[in-house]
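Secondary and tertiary structure notes
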Amino acid sequence: MSGKDYYEILGAGRNATKDDLKQAYRKMAMQYHPDKAPADKKKDYEEKFKEISEAYAVLSNDEKKAQYDKFGSAGMGNVNQEDIFRNADFSDFQDIFSGYGRGFGFDEIFKGVFGGRMGRQGYRYETRGDKGEDLEYTLSINLKDSAFGTEKEIRFFHNVKCPECNGSGSRDGKIITCDKCHGRGVIQTYKRAGFITFTSAQTCPKCHGQGNLNQNPCKVCHGTGRAKKEANVKVRVPGGINSGDNLKMTGQGNYGKYGQGDLYIKINVMEDNFFKRKGDDVYCNVKIPFTLAILGGKIDVPTLRGTAVLNISEGTQPGTILRMKELGIHNEMRRNVGDQFVVAEIEIPMGLNERQKKLLIDFDEEMKKSKHRFKFW
Ligand SMILES: [Zn+2]
Ligand SMILES: [Zn+2]
């Protein structure tokens, strides 16, 4: 087959399923993400990223895939880049396109790579009438903050309405309806490939799909109506939140002509050295002196709320799990307070002096006399 082999580009077989393609694309996209490129390979990575994204855009779309499978890339010949991406759904890859610094996502990358603009709603190519893109921000917090809730201040960049032209994109308000597409933003094109004529709707080249022409673009935003601005937002994180949870901040995404997108704050709870979380409960291991385990008594143990007293009953065995009621996660959303569970480890003393050893030998003699004999099996 002549032209591009989209399957080969993604390293997928001819009969790859939708899921196979998704996985193949995910792998490649992570590898060739422009943000991961070494300084001298930036262009190469961008090209590769663009190529694999194009392949996935075609193969993940049933209609385009059918056309491609039938006619090869010749069948795609009259479809321009914008059309290839128009109905492409990259919504499953939001995690790839965010989290690479700056709090910006897919939109920023595609703007750089394709010179285009990706919209919200599953990151389809923006059509007129869309509001601005949603953004994602990853917020890392420690276990204690996740247990009781916290307030964090985050800084990120988003696009706002251009203050110069008030979002119109025009310096003087002279925006006229495009005469080529009569305001529709698309034009029909016909192309013959052998005896087949392909009809396709193409983005109007004169107005770039806007439907109107900006006679005198704003100098500050170059007609986009958007300006980049650093935002500083306070986020209230509720107690009980866990890794993977999202907090939505309405209207903190990017500005679009039809409204501001939203900001999604993705929570990452960092691992704690001492406590392990399971649901709303926390687990920890505590070393108990062997004499205390044998005789019973009280010991101070760390909890999320500071030190607390734990009762050790006589004859506590190693590995025993002791419950400290309601000393776990305070889950505001589920109105629940978890417990703390302490796994008892028995501490065996080392480097005993002669007197201590003597006492233990006497103790051992005493044990041998009594019915409490040690068993080693
Ligand atoms: Zn037009
Ligand atoms: Zn402007």
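Note that the coordinates shown come from a computational prediction; the quantities given were computed from them, not determined experimentally. (Residues numbered from 1 in each chain as written. Chains lettered and ligands numbered in written order. Predicted model: local features only at pLDDT ≥ 70, side-chain atom pairs only at ≥ 80, totals over all residues.)

Here's the deal with the overall build of the chain
For clarity, the cut-off: Think of it this way: any DSSP run of H or I at least four residues long counts as a helix, any run of E at least two long counts as a strand, and we number them from the N terminus. In this description, a residue-residue contact is defined by the distance between C-beta atoms placed from the backbone, which must lie within 7 Å.
When helices and strands are tallied, the chain shows 10 helices and 19 strands. By sequence separation, contacts in the chain at least 24 residues apart represent 64% of the contacts at least 6 residues apart.

Structural notes on the nonpolar core
Within soluble globular proteins, side chains that are nonpolar generally end up buried alongside one another. Here is the rule: Any set of buried Ala, Val, Leu, Ile, Met, Phe, Trp, Tyr and Cys residues joined through C-beta atoms within 7 Å is what this text calls a nonpolar core. Residue burial is a threshold on neighbouring C-beta atoms within 10 Å of the residue's own C-beta, all placed from the backbone, with 20 or more meaning buried, 12 or fewer meaning exposed, and counts in between meaning partly exposed.
Residues L10, Y25, I52, A55 and Y56 are the most contacted members of the largest nonpolar core, which totals 21 residues. Contributing elements (two or more residues each) for this core: α1 (6-10), α2 (18-31) and α3 (42-59). Setting aside residues up to four positions removed in sequence, L10 forms contacts with L21, A24, Y25, M28, I52, A55 and Y56. Core analysis: the second largest hydrophobic core is formed by 6 residues, I288, A293, I312 and A344 among them.

Notes on α2
Each turn of an α-helix holds 3.6 residues, which means side chains three or four residues apart point in the same direction. Spelled out, the test is: Here, expected helix span is obtained from the residue count minus one, scaled by 1.5 Å. It is the directions from the helix axis to the C-beta atoms that the arc portrays.
Taking 1.5 Å of rise per residue, 14 residues should cover 20 Å, and α2 covers 20 Å from first to last C-alpha, within 8% of that figure. Taken as a whole, α2 has its buried residues at L21, A24, Y25, M28 and A29. Down the axis of α2, the sector holding all buried residues measures 125°, keeping them to one side. Opposite the buried face of α2, at more than 90 degrees from it, the exposed residues are D19 and Q31.

Looking at the confidence of the model for the chain
To keep it simple, the criterion reads: Predictor confidence is given residue by residue as pLDDT, running from a minimum of 0 to a maximum of 100.
Mean pLDDT over the chain stands at 83; residues scoring 70 or higher make up 82%. Segment residues 99-108 is flagged for pLDDT under 50; beyond a separation of four residues in sequence, or across chains, it makes 24 contacts in the model. Here residues 111-128 scores under 50 on pLDDT; set against residues more than four positions off or in separate chains, the count is 48 contacts.

Things to note about the sheet that holds strand β1 (residues 135-141)
Our working definition: DSSP calls a pair of strands paired once it identifies at least 2 bridges connecting them. In this analysis an axis means a line fitted to C-alpha atoms, helices contributing only their contacting stretch, and an angle means the value between N-to-C directions, from 0 to 180 degrees.
Read from one edge to the other, the open sheet built from 3 strands follows the order β1-β11-β8, with strand pairing classed as mixed. Each edge of the open sheet carries a strand with a single partner, namely β1 and β8 (246-249). Neighbour to neighbour, the strand axes of the sheet diverge by 25° on average, direction disregarded. As defined by bridge partners, β8 adjoins strand β11 (residues 263-269) across 4 bridges and the pair is classed as antiparallel. In the sheet register, M249 faces β11, and the bridge partner there is L263.

Re unusual backbone geometry
You will see that H208, though not glycine, has its phi angle at about 55°, which is positive. Tracing the sequence through the fold places H208 in the loop between β5 (196-203) and β6 (212-214). By the C-beta count within 10 Å, which is 15 here, H208 ends up partly exposed. Unusually for a residue other than glycine, R335 sits at a positive phi of about 50°. If you trace the backbone, R335 turns up in the loop between β17 (330-331) and β18 (336-337). C-beta crowding within 10 Å serves as the criterion here: with 8 such atoms nearby, R335 is assigned to the exposed category.

Points about the environment of I321
With respect to the element layout, I321 can be found in strand β16 (residues 321-324). On the neighbour-count criterion, I321 (9 C-beta atoms within 10 Å) is exposed. Residues I321 and V342, 21 residues apart in the sequence, show an inter-C-alpha distance of 5.5 Å.

Looking at the packing of α2 against α3
For clarity, the cut-off: Convention used here: angles under 35 degrees read as roughly parallel, angles over 145 as roughly antiparallel, angles from 65 to 115 as roughly perpendicular, and any remaining angle as oblique. Definitions for this section: a left-handed crossing has its near helix turned counterclockwise from the far helix by less than a right angle. A right-handed crossing has that turn clockwise. Put simply, Ala, Val, Leu, Ile, Met, Phe, Trp, Tyr, Cys and Pro go in the nonpolar bin, Asp, Glu, Lys and Arg in the charged bin, and everything else, Gly too, in the polar bin.
Between α2 and α3, whose axes approach to 10 Å, the crossing angle comes to 165°. What the angle tells us is that α2 and α3 run roughly antiparallel. Crossing of α2 against α3: the hand is left-handed. Between α2 and α3, the residues in contact are L21, Y25, M28 and A29 and F49, I52, Y56 and L59, respectively. When the residues that make up the contact of α2 with α3 are grouped by side-chain class, the tally is 8 nonpolar, no polar and no charged.

Things to note about the sheet that holds β16
Spatially, β12-β13-β19-β16 is the arrangement adopted by the 4 strands of the open sheet, whose pairing is mixed. Across the chains shown, the open sheet's two edge strands, defined by having one partner strand only, are β12 (276-278) and β16. Averaged over all pairs of adjacent strands, the angle between their axes in this sheet comes to 35°, without regard to strand direction. Examined bridge by bridge, β12 and strand β13 (residues 281-289) share 3 bridges and lie antiparallel to one another. Its bridge partner being in β13, K276 is matched across the sheet by Y283.

Some details on the environment of I176
Positionally, I176 belongs in strand β3 (residues 175-177). Distance from I176 to Q215, taken between C-alpha atoms, is 7.5 Å for residues 39 residues apart in sequence. When sequence neighbours within four positions are dropped, the list of residues in contact with I176 reads N212, L213 and Q215.

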